[in-house]
Amino acid sequence: MVGIWGIGGSGKTTLASYMYKEISKQFEGHCIVDNVRDESSKNGLTSLQNKILSNLLKTPVVVQNVIDGRNKIKNMLCRSNVLMVLDDVDDLCQLEALAGSHNWYGDGSRIVITTRDENLLTAHKVDVVYPMSLLSDDEAIRLFNRHAYQEKNHLEDYEALSLRVVSYAAGLPLALKILGSFLCDKDENEWQSALAKLRYIPDPKVTDILKISYDGLESFQKELFLDIACFFRGHPKDERMEIFDACGFYSDIGVKVLIQKSLITISDGNFDMHNLVQEMGHHIVRGKHPNNPGKHSRVWREEDIEDLCSSDATTENNNIKAIRFYGESPRFPELVANLKKLRLLICKSILRNNYDTTVFEAPTFLSNELRYIHLSGYLASPLPETFQPKKLVILSLHNSLHEEIWTGNKRLPKLKQLNLYDARNLLSTPDFDGFPCLEKLTISGCPKLEEIHPSIGNHTSLVYVRVDSCDRLRTFPTITQLKKLKIFKILSCKQLFMFPEIQSNMDSLEELSLNDVGMLMMPSSIQQRCTNLTSLELNGYEYLKRNTSKI
C-alpha cells in the first residue's frame, strides 16, 4: 500500500491518476475510486464496495452491508493481482472498509491512497508514504503559462504580471491552474485589478478546496489554527505552546493534527504554513462581515484597527477575542478597554528608541480573560487596579514609562513568564509571591530600578532569571529557595557589587553568567550550594577570571 499525502490542491489526485494510467495494464483488475470522502458521505461505504468489486471482477456484485463488503473483497480478490486508487480519503473507517489489509489481495497488488491527513496512513500501517512537494518556480511558471498564455492576445507586461501570480500561488498547482484559466482572456488592467483583489478576497475555488482540511478539525483545533494563521506564523513553536494551552487548545496534540492535515509546518522551529492556507484562515475569520471588523473574533489588519479606533472605540465589544496592532493611535487603549472578552493582546512599535514619542496611558480596563499580553509603548501609567487576570500565562511589557507595573499586589496563579524590557522609569518590581507558577523572569534595560522585590529569593518555580542593563541596581535579594533555577544571568549591572547570599542548595543551577558587573568578591556559598554548575561565565570581571580555580 502506498499513501500520497499533501495539502489540498497540491496534485495528489493528478499524480495518482497519471501513475494509474501508466501501469494499470500490468494488473488483472484495476479501478479508481474518486472522491471517497464525498461519496462515502453521500451514498455510504457499501456503494463504494459495490463499485470496487464490480470494476475489479468485471461483473456486477451486490453487498448487503459494510461487513459483508469487507468479507467479499477479501474472499473474492485474495488471489487477484489488482491496482486500486482510493482518492481523497479522510477517515480511517474508509480504509478499513475499502483497502483492508495486504492479505485481501493477491501477490503484486498495489493499493494507492491519496489523503490530506498523514495520520490515516500511519494508523492504517501503509507501507510507503509519499509527501507531495510543491512546484519550484520554474515548474510553476510552466504550469501557469499552459493555462494563461495566449499568443494571439499577448500582454506587453505578461512576464512581470505572471511572476506576480506565480509568487502569490507559491507552488500550489490548483491555484496556478484556476488563476491561469481565469486570466487567460483578460487585458492588462483586468490582470492588475484581479491581483489587487486577491490581496483581500482569495479565489473561492481555491479557498473551498483548502478549507476541506479545516472543516475536518475539532473546534479547539480550528481555534488553534486560526490563532497561528492570524498571529503566530513565523513565531517559535516552543515559546507559544503555553499560550495555546492556557486557551484550552491542547497544544501538543493540536499542533500535531494540524501538521498531519497539511495545514501548518514547522520550519527551523517556527510555525509556518502555505500563503494560501493563511489567506484561507483570514477569510474564515472575516466570514460574513469582511468589512465590519467589530464582528470578527480576531483583528490584526492595521486599517481595520484604525477604523475601530475612529468609529467604535467607546462601544463595548464581546466579539473580538484577540487583537494585534503594529501602529500608533491615541484611542487604541480606549478600544482595548472595551474588548470585554479579549484573551490575546499584542501591540508593538509605538515608542521610539530616543523616547521622544508620545506615550499613551494604559487602558482603563483590561479583560480578565487575557492569557497573553505583549505591550510596547502604551504604558505611561500602571495597569488598572481592576485587572485580575487569573488565566494570564505570559506578560511582556516593552518601552514603557510607568514607575510600577500596577498598584499593590496581584495574584496571577497561572503566570509563567514575566518580561520587562526598557522600562525607563520603573522603580520597583512586583511581589513575586503572587506568581506561584512563574518560570521565566527577564528584567532588561530598567535604568532607574534600584531593587528587586525580596520575594524572588523564595520562589520555588523559577527556572530562568535574567537581569541586565539596570544601571542603579545595587543588590540582588538573598536566595533562600530557587531550587528549580537552571539559568541565572546578571549582565551589565555596574552598581551590583555583591553577589546574592545563598542560604540553600541550588542543585538545579547549570548556568551562571556574571558579565560586566561591579562585584569585587564572590561568596564561597557558590561552591558549597551550586554543585552542578556546567557553565560559569565571568567575561568582563577580571578578578573572577584570574581566580576561577578558587570558586
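Coordinates for the structure precede this section.
Residues numbered from 1 in each chain as written. Predicted model: local features only at pLDDT ≥ 70, side-chain atom pairs only at ≥ 80, totals over all residues. Heavy atoms only, no water.

Trainee: Quick question: what am I supposed to make of the overall build of the chain here?
Mentor: Looking only at helices and strands, one finds 19 helices and 18 strands in the chain. Summarising its shape, the C-alpha atoms of the chain cover approximately 90 × 60 × 45 Å along the three principal directions. In the chain, buried positions account for 50% of the 551 residues. Pairs at least 24 residues apart make up 54% of the contacts formed inside the chain by residues separated by at least 6 positions. Within the structure as shown, the chain displays about 25600 Å² of accessible surface, and the carbon and sulfur contribution to it stands at 46%. A distance of 4 Å separates the average location of the 65 positive side-chain charges in the chain from that of its 70 negative side-chain charges. (Helix = DSSP H or I, 4+ residues; strand = E, 2+ residues; numbered from the N terminus. Buried < 20%, exposed > 50% of the residue type's maximum accessible area, 1.4 Å probe, protein only. Contact = heavy atoms within 4.5 Å. Areas by Shrake-Rupley, 256 points an atom, 1.4 Å probe, with all protein chains shown as cover. Lys, Arg positive; Asp, Glu negative; His and termini not counted. Charge placed at Lys NZ, Arg CZ, Asp CG, Glu CD.)

Trainee: Hey, could you run me through the sheet that holds strand E1 (residues 2–5) in this one?
Mentor: By definition, the strands of a sheet pair up through backbone hydrogen bonds, in either a parallel or an antiparallel sense. Spatial ordering of the open sheet is given by E2-E3-E4-E1-E5, a layout of 5 strands whose pairing is parallel. Every other strand in the sheet has two partners, leaving strand E2 (29–33) and strand E5 (128–131) as the edge strands with one partner each. Ignoring strand direction, the axes of neighbouring strands in this sheet form an average angle of 15°. Where E2 lies against strand E3 (residues 82–89), 5 bridges are found, and the strand directions are parallel. Bridged to Val33 within E3 is Leu86. Here helix H3 (residues 45–57) sits on the sheet and contacts E2 and E3; the angle it forms with E2, its principal contact strand, is near 150°. (Pairing = 2+ DSSP bridges. Axes fitted to C-alpha atoms, helices over the stretch in contact; angles between N-to-C directions.)

Trainee: Help me understand the side chain of Ser396, please; the structure alone is not making it clear to me.
Mentor: One can find Ser396 in strand E12 (residues 394–400). Residues contacting Ser396, with those up to four places away along its chain left out, are Ile373, His374, Leu375 and Asn419.

Trainee: Quick question: what am I supposed to make of the sheet that holds strand E10 (residues 344–348) here?
Mentor: Ordered by their spatial adjacency, 11 strands build an open sheet running E8-E9-E10-E11-E12-E13-E14-E15-E16-E17-E18, and the pairing between neighbours is parallel. With one partner strand each, in any of the chains shown, strand E8 (298–299) and strand E18 (535–537) form the two edges of the open sheet. With 5 bridges connecting them, strand E13 (residues 417–423) and strand E14 (residues 440–444) associate as parallel partners. Within E14, the position partnered with Gln417 by the bridge is Lys440. Against the sheet, helix H16 (residues 302–311) contacts E8 and strand E9 (322–326), and its axis sits at roughly 100° relative to E9.

Trainee: Help me understand the environment of Asp245, please; the structure alone is not making it clear to me.
Mentor: The residue Asp245 is located in helix H13 (residues 237–246) in this model. The sequence separation of Asp245 and Leu415 amounts to 170 residues, and the corresponding C-alpha distance is 12 Å. In this structure Asp245 touches Tyr250 and Ser251, once residues within four positions along its chain are discounted.

Trainee: Help me understand helix H4 (residues 66–77), please; the structure alone is not making it clear to me.
Mentor: Within an α-helix, residues lying three or four positions from one another point in the same direction, as the helix has 3.6 residues per turn. Taking 1.5 Å as the rise per residue, H4 with 12 residues should run 16 Å; its terminal C-alpha atoms sit 16 Å apart, in good agreement. Regarding H4, the residues found buried are Asp68, Gly69, Ile73 and Leu77. End-on view of H4: buried residues confined to an arc of 135°, all on one side of the axis. What points out from H4, more than 90 degrees from its buried face, is the exposed set Ile67 and Asn75. Tucked inside the fold, the buried residues of H4 contact H3 and helix H5 (92–98). (Expected span 1.5 Å × (residues − 1). Arc of directions from axis to C-beta.)

Trainee: Even after reading the chapter, I still don't get unusual backbone geometry, so can you show me in this structure?
Mentor: Glycine aside, a negative phi is what most residues show, and trans is what most peptide bonds show. Even without glycine at this site, Lys58 takes up a positive phi of about 60°. Its location among the elements puts Lys58 in the loop between H3 and H4. For Lys58, a relative accessible area of 61% corresponds to the exposed category. Phi angles above zero are rare outside glycine, and Ala170 is one such case at about 50°. Checked against the element boundaries, Ala170 lands in the loop between helix H8 (158–169) and helix H9 (173–183).

Trainee: Sorry, what's going on with the packing of aromatic side chains here?
Mentor: Per the stated rule, a full pass over the model turns up 14 aromatic pairs. When the centroid spacing of 4.9 Å and the interplanar angle of 40° are considered together, the rings of Phe325 and Phe332 count as tilted. Residues Phe325 and Phe332 agree in their burial class; the two are buried. Of the aromatic side chains, those joined through ring pairs into one cluster are Phe231, Phe232, Phe244, Phe271 and Tyr372. Between Lys186 and the ring centre of Phe182, over which it is positioned, the NZ or CZ distance is 4.3 Å. (Phe/Tyr/Trp six-rings, centres within 6.5 Å; stacked < 30°, edge-to-face > 60°. Lys NZ or Arg CZ within 6 Å of the ring centre and 35° of its normal.)

Trainee: Please clarify how the pattern of salt bridges should be interpreted in this entry.
Mentor: Oppositely charged side chains can pair when the atoms bearing their charge come close. What the rule picks out here adds up to 20 salt bridges. Linking Asp185 and Lys186 is a salt bridge whose minimum nitrogen-to-oxygen distance equals 2.8 Å. Exposure remark for Lys186: the relative accessible area of 22% places this residue in the partly exposed category. Linked by salt bridges that have partners in common, Arg37, Asp38, Asp88 and Arg116 make up one network. (Salt bridge = Lys/Arg side-chain N within 4 Å of Asp/Glu carboxyl O.)

Trainee: Help me understand the environment of Asn35, please; the structure alone is not making it clear to me.
Mentor: Along the polypeptide, Asn35 turns up in the loop between E2 and helix H2 (36–43). Each C-alpha atom of the pair Asn35 and Thr534 lies 58 Å from the other, and the pair is 499 residues apart in sequence. If we skip the residues at most four places from it in the chain, Asn35 touches Asp87 and Asp88.

Trainee: Honestly, the nonpolar core in this entry has me stumped. Any pointers?
Mentor: Note that soluble globular proteins tend to have their nonpolar side chains buried in a common cluster. Core analysis: the biggest nonpolar cluster contains 66 residues, and Ile323, Phe332, Leu345, Leu418, Ile452, Phe476 and Phe488 have the highest contact counts within it. If you look at the next biggest cluster of nonpolar residues, it comprises 57 residues, including Leu161, Trp191, Leu195 and Val285. (Core = buried A, V, L, I, M, F, W, Y, C linked by side-chain atoms within 4.5 Å.)

Trainee: Would you explain the packing of H3 against H4 in this entry?
Mentor: When two helices pack together, their arrangement is given by the angle between the helix axes and by the axis-to-axis distance. Orientation of H3 relative to H4, taken along the N-to-C sense of each, is 20°, at an axis distance of 9 Å. In this view, H3 runs roughly parallel relative to H4, as classed from their interaxial angle. Crossing hand, H3 versus H4: left-handed. Note on element contacts: H4 touches H3 through Val66, Gly69, Arg70, Lys72, Ile73, Met76 and Leu77, opposite Leu45, Thr46, Gln49, Leu53, Leu56 and Leu57. Along the lines of polarity and charge, the residues of the contact of H3 with H4 split into 8 nonpolar, 3 polar and 2 charged. (Parallel < 35°, antiparallel > 145°, perpendicular 65-115°, else oblique. Left-handed = near helix turned anticlockwise from the far one by under 90°. Nonpolar A, V, L, I, M, F, W, Y, C, P; charged D, E, K, R; others polar.)

Trainee: I keep staring at the environment of Lys125 and nothing clicks. Help me out?
Mentor: Take Lys125: it is sitting in the loop between helix H6 (118–123) and E5. When the C-alpha positions of Lys125 and Val2 are compared, they lie 9.9 Å apart, and in sequence the two are 123 residues distant.

Trainee: For this particular structure, what's the right way to read the side chain of His274?
Mentor: Considering the arrangement of structural elements, one finds His274 in the loop between strand E7 (270–272) and helix H15 (275–286). Reaching out from His274, the side chain makes a polar contact with the backbone oxygen of Ala170 at a distance of 2.9 Å. Among residues more than four places away in sequence, those in contact with His274 are Ile7, Leu134, Ala169, Ala170, Leu172 and Arg233. (Polar contact = N/O pair within 3.5 Å; in protein donor to acceptor, adjacent residues only side chain to side chain.)

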